[in-house]
Structure formats: C-alpha cells, structure tokens
Amino acid sequence: MIHEWGLLIVLYLFLGGLSAGLLAVSAAVTLFRARRLAGIARTGAMAAPWPVMLGAGLLVFDLGQPWYFWKLFTGLAPLSPMWLGTWIIALFSLVSVAHAATFLPAWLTGWTDTATETWRWRLASLGLPLGLSVGIYTGILLGVLIARPLWNTPLLAQLFLVSALSTACALLLVLLRRTGTAQERRALTGGDVALIAVELLVLAGMFLEAGTSPATSASGAALLLHAPYGLVFWTIVVLLGLLLPLVLELLEYFDVPHRRGWTRVGPLFAAAPALVLLGGLCLRWVIVYAGQVSHL
Amino acid sequence: MSRRLAMVIDAARCIHCAACIVSCKAENGVRDGHSRNRVTETERGVYPRLTVSMVPAQCMQCDDAPCVRVCPTGASFRAASGVVLINTDDCIGCRYCVEACPYDARYFDPESGTVDKCTFCLHRVDAGLEPACVTTCPTRTRAFGDLLDESSEVARIVADDRGEVRLPEAGTHPKVFYLRGAVQ
C-alpha cells in the first residue's frame, strides 16, 4: 500500500484547518469582547465557511463512489474518526455560515443591532469549540491509525491544530493588509509569532518522542530526516514556513523594519504570511505522504 | 452455529510457487493488477551463507480489526464466523480502512470504486469446502479450520501455543497464525 491518499486529502486537511482557525480566531475576538479588533472578527467570520466547504467538496470526488457520499450520514459508526469528523464538519459549516450572516450589514438583513449582537455571541460560543474541534479532528483522522507510526502520536492533533490557527492568522494578515488597522495587524502578527513558536515546540516534541520510542516510531520519524520527504520538510516547512516567518514577524511586531528604515526589504516582510500558508500546506503534504510509507 | 474460522501457516513449507495467489484470483474474480494474498521473500545472511524465507500473507481476520473500527459507513464488519467482510453496497471508497490495516491486506479497486480483501472464501467454507488457497497449495503450507472445533488441526496448534501472530503489539488479535519457529 503506497499513497492510497493523495493531493486531494492534503488539500482537504489544509483547507479544513484554515476554516477551523478562521472561525476560532474570529469567535475568540467576539467572545473576549476585543472591540478594537472588530475587523479580525468580521473578516475571519466572513472567510471561515468557504475553505472547508471547498475542501469537503473536493474530497467527495476523491471517493471511489462519489455519488454515495451520503452514506456517511446514514450509517452509525461512532468509533470512526471519519464518521465523527463528517458530522463535526457538517455542523461547523452550518454554524460558520450562520455566524458569518451576523456580520452582514443591517440594511441587508433587516435585523436589529441587539438581535445581531446576541446571535453573534451565541454562534461564536458554538464556533470557538467547533473550530478547535475541526482543527484537532484533522490530526486525529490520521493519528488514530496504529498501522502508520509517523501519524500514530497524540502530538499530531496538536501540530495540526496549532498549524490551523497559525495559517488562519496568516490568511487574515493577507486579507487585512490594506483594510485592517495597525492594531489588528499587530495582534495577528504577535499571535502568529506565538503560534509558530508553539508549532516548533510540538515538532521538537514529535522528534523527541520518536527518538525515545520503539524502533517503528523512530523509523517513521526518520522519513522526515531523509530525501525526498526530509528535503521538503526541512527546507519548505521548517526553514521557509516556520523559522523565516518567525523572525520576520517578530521584527515586524517590534516595528523594527520601520524604525530602522528597511524600505528595500519591505516585500520580504509582506511575504511572511504567504510563507506561513505555503509551509502549512507543505506540512500536510509531508505528513500525509511520508506517513503512508511508514509502517509497523 | 457459532464458528471462529482460523488459519495456520507453516511458512517453512512455502516455496513461493504462487499457486495460492492464482487460485484466489480465479476463485474470487480478483481483477488484474490486484491480489488478495501474497508471498514476501526475505533474504538473510551474507554470501555464501544465504537463506531466503518465504512468508505468505493475506487478511489476518483480526478479532479487533482496525479496518472495522475506522470504517465511517459500517461497510466493513466482522461476521458471526469471525471473518471480516466488506458490504460493497455500503463502501464509498474512502480507503480509510486501507490506511488503517497494519498488514496492508486491503486494496482499492478503482474499477468498482470499492475496497476488496480476502474473505477466507466464506462462500466455499459455507459449502463445506476449504478456501481456494488452502486447497491449491501443493506443499500444504496452510491449515484451515474452526477454533471452536477442538478436534481441528488449527484449534490444536493454537491450544498448544504453537502458533504466533504477526505484529502482536498492534493489539489486533489476528486469526491467521504462523507456526512458531518455521522462519528464522
């Protein structure tokens, strides 16, 4: 069995994580009443439903029997992460669309301000746990498989969750590049710095765990040390997707480029969120592809 | 009548003639490019002191089957005979079970859009015959029977602890056993 799951699965895990992070970040801003970051709540809410819907749509056509995808909903398989995930994502899609609707202008909806605020709050209360659940689910889907040592660690769900939140911050930075306030961009940059740091720690944890585990786990992690997966992992995921944006966003957070007058490297700093998104996508490619080569 | 169908493989007898693979394909109409069973050859030692071990493998018919656990539609199930089967009407071809199997015993058939695997030739067993691979093997590498039938060869081998399973650490409790010490 080699690479039964391909690029559509990679894309689905990435887009699912992106939506999960967008809703979680948006809902958190609403729930913590961070009114000065209202642009993050609005943009996050408006963007959240679409990536996962696109991803799930693509995934249906990855099935051997696309026209029978509805059997996912008619059966009962509570021990199957995929069955649970299907329901969580269906619920997530409904809640995220309703949550986005509370950000539509009043002249369009005809809702009173109080009603909109109340429903925004209620849906955000559902949206935060649902967003975190979808982020965790993308890791659990792979993580429960004892047959694939590279995936079979509780740290994978953490890695995908943190990466989901980080890529969501990065996408929000792209979307709010012109329309956002300096304060919103600074909050996202600072948040992303923290998330990237945690992501690096989780990755370090995965290697530590593999190194102190049975030989099969070590053989799984060893795939990340050698070509071809190791090449993509270390250059694109770690170097370009985590370390470089970490440094750039840290400098940006403390306003160093502006204070030092680094005008010529401006585009490099602007590219940091794009690097985070590229890294997030490639992380999932490496994990999905290398994981299928790893075996007990 | 309750059954626990099982198989014992004496890998030392296997000569990798592939008759089991061919008879399985013919019996079960397995499409070109796929097979439900296989033989793995492993070379050991350094020239000129070399040895090759040939180990047949197929679905292990696990009592605690990861493929059944992860199936999102319930298409994969454990039948009363203890055999793990796929209801292809309910299989949507997500291939989660293929990923979940520690023995790489399942395959996806793009033509049917569903997953397929060894059924212990349940249709033959129910008619009082043995699975095709068992009947065909010229070296009698495989023994087949019911673990609940104490007089059967497989029940005696398992009761005497002469059989071992592959990847016991996976906790899958297979019902395909390998004769201990058959392969060094």
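Residues numbered from 1 in each chain as written. Chains lettered and ligands numbered in written order. Predicted model: local features only at pLDDT ≥ 70, side-chain atom pairs only at ≥ 80, totals over all residues. Heavy atoms only, no water.

**Side note on the environment of Leu148(B)**
Residue and element names in this part refer to chain B. To keep things clear, this is the line we draw: Think of it this way: any DSSP run of H or I at least four residues long counts as a helix, any run of E at least two long counts as a strand, and we number them from the N terminus. Note on classification: 1.4 Å probe, protein chains only; a residue is buried when its accessible area is under 20% of the maximum for its type, exposed when over 50%, partly exposed between these limits. Here, residues are in contact when the closest pair of their heavy atoms is within 4.5 Å.
With respect to the helices and strands, the residue leucine 148 is situated in the loop between β8 (142-146) and α6 (153-159). The class for leucine 148 is partly exposed, based on a relative accessible area of 45%. Measuring from C-alpha to C-alpha, the distance between leucine 148 and alanine 6 comes to 9.7 Å, with 142 residues separating the pair along the chain. Residues in contact with leucine 148, not counting those within four places in the same chain, are Ser2, Arg3 and Arg4.

**Some remarks on the interface of chain B and chain A**
Accessible area lost when the parts come together is the quantity often used to give the size of an interface. Test applied: By convention, the term buried area covers the 1.4 Å-probe accessible surface removed from two parts as they join, with the contributions of both added. Whenever Lys or Arg places a side-chain nitrogen within 4 Å of a carboxyl oxygen from Asp or Glu, that contact is recorded as a salt bridge.
Taken residue by residue, the interface counts 26 residues in chain B and 27 residues in chain A. Of the roughly 2,300 Å² buried between chain B and chain A on both sides combined, carbon and sulfur atoms contribute 59%. Considering only the surface of chain B that becomes buried against chain A, Ile92(B), Tyr96(B) and Glu99(B) emerge as the three largest contributors, covering 33% of it. Linking chain B to chain A there are four salt bridges. Among the salt bridges present, the one from Arg95(B) reaches Asp62(A), with a minimum N-O distance of 3.2 Å.

**A few points about the packing of aromatic side chains**
Operational definition: Each aromatic pair joins two rings of Phe, Tyr and Trp (for Trp, the six-membered one) with centres within 6.5 Å, and gets the label stacked for planes under 30 degrees apart, edge-to-face for over 60, and tilted for any other angle. Whether a charge sits over a ring depends on NZ of Lys or CZ of Arg being within 6 Å of the ring centre and within 35 degrees of the ring normal.
In this structure the tally under the stated criterion is 14 aromatic pairs over all chains. Pairing Phe207(A) with Phe233(A) gives two aromatic rings, centres 6.0 Å apart and planes at 55°, and the pair type is tilted. With a gap of 26 residues between them, Phe207(A) in helix α9 (residues 182-211) and Phe233(A) in helix α11 (residues 229-253) connect regions that are remote in the sequence. Arranged with centres 5.1 Å apart and planes meeting at 25°, the rings of Trp285(A) and Tyr289(A) form a pair that is stacked. A residue pair is termed a helical-turn pair when its members lie 3 or 4 positions apart in one helix, as Trp285(A) and Tyr289(A) do in helix α14 (residues 272-293) at four residues. Relative accessible area serves as the criterion here: at 14%, Tyr289(A) is assigned to the buried category. Members of the aromatic cluster, connected to one another through ring pairs, are Trp5(A), Trp151(A) and Tyr96(B). A cation sits over an aromatic face here: Arg186(A) above Tyr253(A), 4.1 Å from the ring centre.

**Details of α11(A)**
Residue and element names in this part refer to chain A. Put simply, the rule is: Given a residue, its bend is the angle between the two axes fitted to the seven residues that end at it and to the seven that start from it.
The principal kink in α11, of about 40°, is found at leucine 239. Of all the residues in α11, the buried ones are Tyr229, Gly230, Val232, Phe233, Val237, Val238, Gly241, Leu242, Pro245, Leu246, Leu248 and Glu249. As for α11, its buried residues are in contact with α8 (155-175), α9, α13 (266-270) and α14.

**A look at the pattern of salt bridges**
If you walk through the whole model with that rule in mind, you get 18 salt bridges over all chains. Between Glu4(A) and Arg95(B) there is a salt bridge whose closest N-O contact spans 3.5 Å. With Glu4(A) in the segment before α1 (7-31) and Arg95(B) in the loop between β5 (84-86) and α3 (96-100), this pair bridges two chains. Classification of Arg95(B) as buried rests on a relative accessible area of 6%. Between Glu117(A) and Arg120(A) there is a salt bridge, with the nearest N and O atoms lying 3.8 Å from each other. A residue pair is termed a helical-turn pair when its members lie 3 or 4 positions apart in one helix, as Glu117(A) and Arg120(A) do in helix α7 (residues 113-143) at three residues.

**Re the pairing of strand β2 (residues 38-46) of chain B**
Two faces, one strand: in a regular strand the side chains alternate between the faces of the sheet. Residues and elements named next belong to chain B. Heads up, the rule is: Only strands joined by at least two bridges in the DSSP assignment are considered to pair.
Pairing of β2 with strand β3 (residues 49-57), which is carried by nine bridges, proceeds in the antiparallel orientation. Residue threonine 42 lies in a different strand from β3, and its bridge partner there is serine 53. Counted along the chain from β2 to the antiparallel partner β3, the turn is two residues long.

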